[in-house]
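Listed here are the chains, written in short residue letters.
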Amino acid sequence: MASSRTNEDWKRLITSKIDRLQSPNSESHNSGSIESDFTAIVSPNDPKLPLAIDHTLLKPDATNEQVDELCREARKWGFKSCCVNGSQVNRVVENLRGTSVIACAVVGFPLGAGTSKSKAFEASQAIEDGAQEVDMVINVGALKSKDYNLVYEDIKAVTEVAHISSSSKILVKVILETISLTNGEIMAASYIAAEAGADYVKTSTGFLGGGATEEHVGLMRRSVAYKDGDEGGERRVKVKASGGVRTFESCVKMFKAGAERIGTSSGIAIMESRRSDATY
Ligand SMILES: O=C[C@H](O)COP(=O)(O)O
């Protein structure tokens, strides 16, 4: 269903949202408790750690053998998912059959500049192939043009496919590409994603350098906090930190800032820090 909001409506809503978030005395400023299943993790030996990690291989020249290895590693360590490009979803699903590790597919990746219809189709194909989570890139150019309705419809095209058309609910993570955005744009994009039914807002593709920062994760967390409690007290929109998260210490920082999922191509290095049994 098309949004009944115009770009002017969105501008008003976003301005009021940002004003509330920036006001030190407002309820919104203090909302968005960062307590989660993962904030208490102080050791890489904590069994919850791998459940927060999307084990990721998104480079364009990834071979079948590398995808198989990714799945072997995910099974060994018990990661939450293997995150891959669409053409590899079938292979990942076959590799992970009978395990608790799920397949996650990226959509509109890494630029996010294609059409909403193509993103929706890509998502539906990935879901048909067995993906249980979909990570889509927003239309960054539309956001910067303040074409908020396009940004919303673009996300909605994917959340509708994932939440309505499939028999089991597929989670949608919305990649903002924070390195390209101002703080105001991060708040606006987080708010629009939450309104469009996102399950997570995610920082980065990892393709533009930079990546997740504690500041951006915290800002995203606060921007979507207004949705908390909508569904039986469950936190409604979560934050995934991705791009440049290479160490256990970095994971801990992201959890403390409000992330409840980490996307990383360094999952093995992170898990192998178990040897030291360090606490932070
Ligand atoms: O979605 C996850 C990112 O692409 C991973 O980025 P990374 O290679 O910097 O860990």
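It should be noted that the structure appears before, not after, this text.
Report on the accompanying structure. (Residues numbered from 1 in each chain as written. Predicted model: local features only at pLDDT ≥ 70, side-chain atom pairs only at ≥ 80, totals over all residues. Heavy atoms only, no water.)

A few points about the overall build of the protein
If you tally the helices and strands in the protein, you get eleven helices and eight strands. Whereas a compact globule of 280 residues would reach a radius of gyration of roughly 19 Å, the protein reaches 18 Å, a difference of no more than 12%. Projected onto its principal axes, the C-alpha positions of the protein cover 50 × 40 × 35 Å. Within the protein, residue pairs in contact and separated by at least 24 positions form 71% of the contacts whose partners lie at least 6 positions apart. When the accessible area of the protein is evaluated, it comes to approximately 12,100 Å², of which 49% is carbon and sulfur surface. (Helix = DSSP H or I, 4+ residues; strand = E, 2+ residues; numbered from the N terminus. Rg over C-alpha atoms; globule rule 2.2 N^0.38 Å. Contact = heavy atoms within 4.5 Å. Areas by Shrake-Rupley, 256 points an atom, 1.4 Å probe, with all protein chains shown as cover.)

Brief notes about the site of the ligand
In the vicinity of the ligand, the contacting residues are Thr56, Leu58, Lys202, Thr205, Gly206, Ser242, Gly243, Gly244, Arg246, Thr264 and Ser265. The separation between an oxygen atom of the ligand and a polar side-chain atom of lysine 202 is 2.9 Å. Glycine 244 places a polar main-chain atom, nitrogen or oxygen, 2.8 Å from an oxygen atom of the ligand. When the ligand is considered free in solution it has 310 Å² of accessible area, and contact with the protein chains removes 91% of it. Within the shell around the ligand, the residues separate by chemical class into one nonpolar, eight polar and two charged. (Near = heavy atom within 4 Å. Polar contact = N/O pair within 3.5 Å; in protein donor to acceptor, adjacent residues only side chain to side chain. Nonpolar A, V, L, I, M, F, W, Y, C, P; charged D, E, K, R; others polar.)

Focus on the packing of helix H1 (residues 7-22) against helix H8 (residues 183-195)
Where H1 meets H8, the axes come as close as 10 Å, and the angle between the chain directions of the two elements is 115 degrees. Every pair of crossing elements has a handedness; the one defined by H1 and H8 is right-handed. Residues Trp10, Leu13, Ile14, Lys17, Ile18, Leu21 and Gln22 of H1 touch H8, and the partners they reach there are Gly184, Met187, Ala188, Tyr191, Ile192 and Glu195. Grouping the amino acids of the contact of H1 with H8 by side-chain chemistry returns nine nonpolar, two polar and two charged. (Axes fitted to C-alpha atoms, helices over the stretch in contact; angles between N-to-C directions. Left-handed = near helix turned anticlockwise from the far one by under 90°.)

A few points about the pairing of strand S4 (residues 133-137)
Extensive coverage of S4 is indicated by the burial of five of its five residues. Of the two faces of S4, the one carrying Glu133, Asp135 and Val137 and the one carrying Val134 and Met136 are both buried. Of the strand pairs in this sheet, strand S3 (residues 102-107) and S4 are connected by four bridges, and their pairing is parallel. Considered in S4, the bridge of valine 107 is made with methionine 136. At this point the chain moves from S3, through helix H5 (residues 116-128), to the parallel S4, and the crossover so formed is right-handed. Two strands pair when backbone bridges link them, and S4 and strand S5 (residues 171-175) are joined in this way by five bridges, in the parallel orientation. Residue pairing in the sheet places valine 137 in a bridge with isoleucine 175 of S5. (Buried < 20%, exposed > 50% of the residue type's maximum accessible area, 1.4 Å probe, protein only. Pairing = 2+ DSSP bridges. Right-handed = clockwise from strand over helix to strand, strands pointing away.)

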